[in-house]
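A look at the structure
In case you want the letters, here they are:
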Amino acid sequence: MAKRPAKMTDEAGGGHDLTIDLKPFINFLVVLIPVLMLSAEFAKISIINLKLPENRGSSPSIKQTKAPEQNDDNKLLLTMIVTDSVVTLGAKGGFLPSLFYREFHKYVSREDRAVEVTVEYDPSNPKKQFKNPKSGKPFLVTERQEILLYVTDENRNIINCLYTKTGEMLTDGAGNPLKAAAKAGDTVYILTNPRREVVVTDPGQYSLHPLSAYDEMKNRLMKIKQRYADVPDANDIILAAENQVAYDKIVQLMDVARAAEFPNIAISKLRS
Amino acid sequence: MAIQRGRNKYTTPKSAGLIITSLIDFFSIVVIYLMKSYSSEGSILTNADNLVLPNSVAITKPKDIYLQVAATNDMVLVDNIPIVPTDDIRRIPQDVPDPIVAKLEEKLNATYAQEQQMVKLGALNKIQGNVIIQMDKNVEFDVLFKIMNTCGKVGYNNMNFAVMEREQ
């Protein structure tokens with residue numbers, strides 16, 4: 001490639017150099033890159049707004065759990081309860097069946113990003129440390145990358161569900177998670193909001209993975225949203241957590257609630 | 001060696017031009033990447049090294065500079081000034097119905113008084129009561145609740161949680 005322009009000058013015979021002078025362009029790029037680097041935003045931080053009502057006293061616990069005095073007959077008072085092994089949805093009328101989960105922590109080593117370990121967390125032994133298989137040192141809390149919650153049955157066996165390759169959960173027409181492999185020609189629903197109907201053509205596109213409690217909770221919340229769209233507090237949800245629940249889980253559940261169109265999230269404390 | 005030297009004599013061009021095509025390719029890629037992460041607003045929020053914010057799908061950007069309360073595993077800071085060790089907050093009994101972190105309350109009262117002063121001077125229209133809470137994702141809910149309760153008690157009712165935007 002580099003030789004061709006030289007040849008052209010020979011053929012032209014006039015001694016004119018026909019190569020493009022790239023120096024000004026490079027100068028321009030050299031200036032542009034530092035300018036862009038200065039204004040680049042590599043880690044994007046955003047905020048989740050949580051506006052508490054101003055005139056209902058000062059303590060969030062009293063504000064959020066005490067029912068307002070007026071006009072609460074038609075209200076749903078939807079509450080999500082999070083403890084270290086259960087997520088439950090409750091409302092004025094009662095509770096839905098609890099989602100029991102087992103908790104797995106994914107650690108990524110700081111020194112060597114290739115070391116990735118997923119270990120099961122035992123809520124009865126929160127102080128237990130997990131060792132880095134490569135260096136032998138225990139993992140730091142700051143090396144915990146992700147908390148995964150997998151739904152289990154009564155015997156604490158993890159329930160599997162069909163997922164797409166991009167990690168979206170599949171349900172049937174009634175909104176129940178699909179627990180067996182799909183056949184070609186089946187109609188399945190992808191858990192996006194609103195649900196996307198798909199006719200299976202290639203069953204190999206979907207595979208069974210452990211059912212995430214976050215996905216199942218989103219599924220249930222979407223069903224509730226559809227059914228109780230007319231209640232006065234159709235956008236409200238109360239998130240009640242136990243003391244030892246990690247903040248990360250709360251943020252993930254807030255995301256789930258907002259994905260299911262419950263944007264007004266209140267936070268409350270579950271009294272033990 | 002002699003043969004090689006002889007061949008070089010004939011093939012060496014008079015001016016050795018720098019091949020900059022690959023350099024330009026590289027620069028172009030860098031420029032496109034940087035343009036993708038370009039932000040005209042800059043970042044109002046910054047986070048400390050030992051503070052790992054949780055990932056979230058939230059895309060709301062902070063518009064103004066608000067009071068910042070940061071809680072790491074060791075220390076609680078208000079506007080980057082260490083106020084109280086997190087272990088002190090953990091020591092507050094959990095069954096207290098209205099837990100208040102005394103040192104944090106004292107500091108927040110001072111900043112709230114400043115805000116009131118600014119309203120008096122006309123620099124602000126009204127007290128907004130905005131606070132951004134930056135919490136390490138591994139801190140437990142108990143600490144968050146006590147901090148939120150203290151903020152609410154002082155008058156900072158408009159709470160915002162800082163989160164790391166998940167890559168799409």
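Residue positions are given per chain, counted from 1 along the sequence in the order it is written. Here chains are named by letter from A upward and ligands by number from 1 upward, in the order in which they appear as written. Restriction of local features to residues with pLDDT of at least 70 applies here, the model being predicted, together with a cutoff of 80 or more for giving and counting side-chain atom pairs; totals for whole chains, interfaces and linings are based on all residues.

Observations regarding the overall build of chain A
Heads up, the rule is: Only DSSP runs of H or I with at least four residues qualify as helices, and only runs of E with at least two residues qualify as strands; both kinds are numbered from the N terminus onward. Two residues form a contact once the distance between their C-beta atoms, set from the backbone, is within 7 Å.
Each helix and strand in chain A was counted, giving five helices and 14 strands. Summarising the internal contacts of chain A: among those between residues at least 6 apart in sequence, 56% fall at separations of at least 24.

Comments concerning the overall build of chain B
This is how the line gets drawn: Put simply, a residue is buried when 20 or more other C-beta atoms lie within 10 Å of its own C-beta and exposed when 12 or fewer do; between those, it is partly exposed, and each C-beta is set from the backbone.
A count of helical and extended segments in chain B gives five helices and six strands. When the elements of chain B are put in sequence order from the N terminus, they spell out α-α-β-β-β-β-α-α-β-α-β. Taken over 168 residues, chain B has a buried fraction of 32%.

Some details on the sheet that holds strand β10 (residues 187–190) of chain A
Residue and element names in this part refer to chain A. The condition is simple: Pairing between two strands is assigned when DSSP locates at least 2 bridges connecting them.
One open sheet accounts for three strands, arranged β9-β10-β11; its pairing is antiparallel. Where the open sheet ends on each side, the last strands, each with one partner, are β9 (170–171) and β11 (196–199). Two strands pair when backbone bridges link them, and β10 and β11 are joined in this way by four bridges, in the antiparallel orientation. Bridging from a neighbouring strand, Tyr 189 pairs with Glu 197 of β11.

A look at the interface of chain B and chain A
Rule in force here: Polar here means any residue outside two lists: the nonpolar Ala, Val, Leu, Ile, Met, Phe, Trp, Tyr, Cys and Pro, and the charged Asp, Glu, Lys and Arg; Gly therefore counts as polar.
Listed by partner, the interface residues are 55 residues for chain B and 45 residues for chain A. At the level of elements, α2 (21–36), β5 (130–135), α5 (141–154) and β6 (158–165) of chain B are the ones that each hand at least two residues to the side of chain B that touches chain A. Of the residues belonging to the side of chain B that touches chain A, the class tally is 30 nonpolar, 18 polar and seven charged.

Re the pairing of β10 of chain A
Sheet topology places β9 of chain A next to β10 of chain A; two bridges connect them, and they run antiparallel. Bridge assignment links Leu 170 of chain A to a residue of β10 of chain A, and that residue is Ile 190 of chain A.

Notes on helix α4 (residues 102–121) of chain B
Residue and element names in this part refer to chain B. Convention followed: Residue count minus one, scaled by 1.5 Å, sets the expected span of a helix. An arc is given here, and it is the one of the directions from the helix axis to the C-beta atoms.
Under the 1.5 Å per step criterion, the end-to-end length of α4 is 29 Å for 20 residues, consistent within 8% with the ideal 28 Å. All of the buried residues in α4 are Leu 104, Lys 107 and Leu 108. The arc that holds the buried residues of α4, viewed along the axis, is 95 degrees, so those residues lie on one side. Counted as exposed and oriented over 90 degrees from the buried face of α4: Ala 102, Ala 110, Ala 113, Gln 117, Lys 120 and Leu 121. Structurally, α4 contributes buried residues whose contacts are with β3 (75–78), β4 (81–85) and α5. One or two residues past the end of α4 sits Gly 122, with phi positive at roughly 90 degrees.

Points about helix α2 (residues 23–38) of chain A
In a regular helix each residue adds 1.5 Å, so 16 residues correspond to 22 Å; α2 of chain A covers 23 Å between its end C-alpha atoms and thus fits that length. Of all the 16 residues making up α2 of chain A, zero are buried; the element is thus mostly uncovered.

Overview of the confidence of the model for chain B
All names here are of chain B. This is how the line gets drawn: As a per-residue quantity, pLDDT reports the predictor's confidence and falls between 0 and 100.
When pLDDT is averaged along chain B, the result is 83; 85% of the residues meet or exceed 70. The weakest mean pLDDT in chain B belongs to helix α1 (residues 2–11) at 51; the strongest belongs to β4 at 92. The complex prediction reports pTM at 0.80, with the ipTM value standing at 0.78.

So, the nonpolar core
We apply this condition: To define a nonpolar core, we join buried Ala, Val, Leu, Ile, Met, Phe, Trp, Tyr and Cys residues through C-beta atoms within 7 Å and take the resulting set.
Counting 79 residues, the largest nonpolar core has Leu 239 and Ala 257 of chain A together with Ile 147 of chain B as the members making the most contacts within it. Take this core: its biggest share by element is eight residues, from α5 of chain B. Dropping the residues within four chain positions of it, Ile 147 of chain B is found in contact with Val 69, Ala 71, Val 76, Val 101, Leu 104 and Ile 133 of chain B.

Describing unusual backbone geometry
Residues and elements named next belong to chain A. Residue Pro 194 follows Asn 193 across a cis peptide bond; omega there is 0 degrees. Mapped onto the fold, Pro 194 is located in the loop between β10 and β11. Even without being glycine, Arg 156 reaches a positive phi, approximately 60 degrees. On the secondary structure map, Arg 156 appears in the loop between β7 (144–152) and β8 (160–163). For Arg 156, a count of 10 C-beta atoms within 10 Å translates into the label exposed. Although it is not a glycine, Glu 261 adopts a positive phi angle of roughly 65 degrees. By the element assignment, Glu 261 lies in the loop between α5 (247–259) and β14 (264–269).

Thoughts on the packing of helix α4 (residues 213–227) of chain A against α5 of chain A
All names here are of chain A. Here is the rule we go by: Angles shown run from 0 to 180 degrees and are taken between the N-to-C directions of axes, each axis being a line fitted to C-alpha atoms and, for helices, limited to the stretch in contact. The cut-offs work like this: below 35 degrees is roughly parallel, past 145 is roughly antiparallel, 65 to 115 is roughly perpendicular, and the gaps in between are oblique. Crossing chirality is assigned from the near helix's rotation relative to the far helix, an anticlockwise turn below a right angle marking it left-handed and a clockwise turn marking it right-handed.
Running from amino to carboxyl end, α4 crosses α5 at an angle of 30 degrees, the nearest separation of the two axes being 9 Å. As far as their axial angle goes, α5 and α4 are roughly parallel. Where α4 crosses over α5, the handedness of that crossing is right-handed. Seen from α4, the contacting residues are Tyr 214, Met 217, Lys 218 and Leu 221; seen from α5, they are Gln 252, Leu 253, Val 256, Ala 257 and Ala 259. The residue inventory of the contact of α4 with α5, partitioned by class, reads seven nonpolar, one polar and one charged.

Some thoughts on the pairing of β4 of chain B
All names here are of chain B. Pairing of β3 with β4, which is carried by four bridges, proceeds in the antiparallel orientation. Note on β4: the bridge partner recorded for Val 76 is Val 84. The hairpin formed by β3 and β4 contains two residues between the paired strands, and Asp 79 there has a positive phi angle of roughly 50 degrees.

Examining the environment of Tyr 112 of chain B
Residue and element names in this part refer to chain B. Residue position: Tyr 112 is located in helix α4. Between the alpha carbons of Tyr 112 and Val 154 there is a distance of 7.5 Å; along the sequence they are 42 residues apart. Ignoring sequence-local partners within four residues, the contact set of Tyr 112 consists of Val 154 and Gly 155.

Details of the packing of α2 of chain A against α2 of chain B
Angle between the axes and distance between the axes: these two values describe a pair of packed helices. Contact pair α2 of chain A / α2 of chain B: the axes reach a minimum separation of 10 Å and the direction vectors enclose 30 degrees. One finds that α2 of chain A runs roughly parallel with respect to α2 of chain B. In this structure, α2 of chain A crosses over α2 of chain B, and the sense of that crossing is left-handed. Contacts from Phe 25, Ile 26, Leu 29, Leu 32, Ile 33, Leu 36 and Met 37 of chain A of α2 of chain A reach α2 of chain B at Ile 24, Phe 27, Val 30, Val 31, Leu 34 and Met 35 of chain B. Considering only residue class, the contact of α2 of chain A with α2 of chain B consists of 13 nonpolar, no polar and no charged.

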